[in-house]
Amino acid sequence: MEKYEEVKELVAQLQIPVEFAMLGASNPVMLRGRLPERREEILAALDAVISDIGEERLRSYRINLRHL
């Protein structure tokens, strides 16, 4: 969960235009969007991951990935 909290802080603080992407196979929730235009949408998605999914489901997802 700490990873998602750190990413959320990064997204909240970035002050330069950038294409943000979390698209790796180890991410159960993939996010992509241009900052600052989609900042609020990305932050809301990260909040949902943090509050709704939880550490146990994230761990289960990682454990069950055969290619990692």
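Coordinates for the structure precede this section.
Structural notes, computed from the coordinates. (Residues numbered from 1 in each chain as written. Predicted model: local features only at pLDDT ≥ 70, side-chain atom pairs only at ≥ 80, totals over all residues. Heavy atoms only, no water.)

Details of unusual backbone geometry
Right, so step 1: Cis geometry marks the peptide bond from L35 to P36, where omega comes out at 10°.
Right, so step 2: With respect to the helices and strands, P36 occurs in the loop between β2 (31-35) and α2 (39-63). (Helix = DSSP H or I, 4+ residues; strand = E, 2+ residues; numbered from the N terminus.)

Side note on the packing of helix α1 (residues 2-13) against α2
Right, so step 1: Running from N to C, α1 and α2 point in directions that differ by 175°, and their axes come no closer than 9 Å. Considering the angle they form, α1 stands roughly antiparallel to α2. Of the residues in α2, those touching α1 at Y4, E5, V7, K8, V11, A12 and Q13 are R39, I42, L43, L46, D47, V49, I50 and L58. (Axes fitted to C-alpha atoms, helices over the stretch in contact; angles between N-to-C directions. Parallel < 35°, antiparallel > 145°, perpendicular 65-115°, else oblique. Contact = heavy atoms within 4.5 Å.)

Considerations on α1
Right, so step 1: With twelve residues, α1 extends 17 Å from end C-alpha to end C-alpha; this agrees with the ideal 16 Å at 1.5 Å per step.
Right, so step 2: For α1, the set of buried residues is Y4, V7 and V11. Down the axis, α1 shows its buried residues gathered within 60° of arc, on one side only. (Expected span 1.5 Å × (residues − 1). Buried < 20%, exposed > 50% of the residue type's maximum accessible area, 1.4 Å probe, protein only. Arc of directions from axis to C-beta.)

Comments concerning α2
Right, so step 1: Compared with the 36 Å implied by 1.5 Å per residue over 25 residues, the 30 Å span of α2 between its first and last C-alpha is markedly short.
Right, so step 2: Here α2 has its buried residues at R39, I42, L43, L46, V49 and L58.

Section: the environment of L23
Right, so step 1: Here L23 shows up in the loop between β1 (18-22) and β2.
Right, so step 2: A relative accessible area of 45% means that L23 is categorised as partly exposed.
Right, so step 3: Setting aside residues no more than four positions away along its own chain, L23 makes contact with M30, L31 and R32.

Notes on the nonpolar core
Right, so step 1: Counting 14 residues, the largest nonpolar core has V11, F20, M22, L31, I42 and L46 as the members making the most contacts within it.
Right, so step 2: For this core, the secondary-structure elements that each account for two or more residues are α1, β1, β2 and α2.
Right, so step 3: Of all the elements, α2 adds the most residues to this core, at five residues.
Right, so step 4: In this view, L31 contacts F20, A21, M22, L23, I42, A45 and L46; residues no more than four positions away in its chain are not counted. (Core = buried A, V, L, I, M, F, W, Y, C linked by side-chain atoms within 4.5 Å.)

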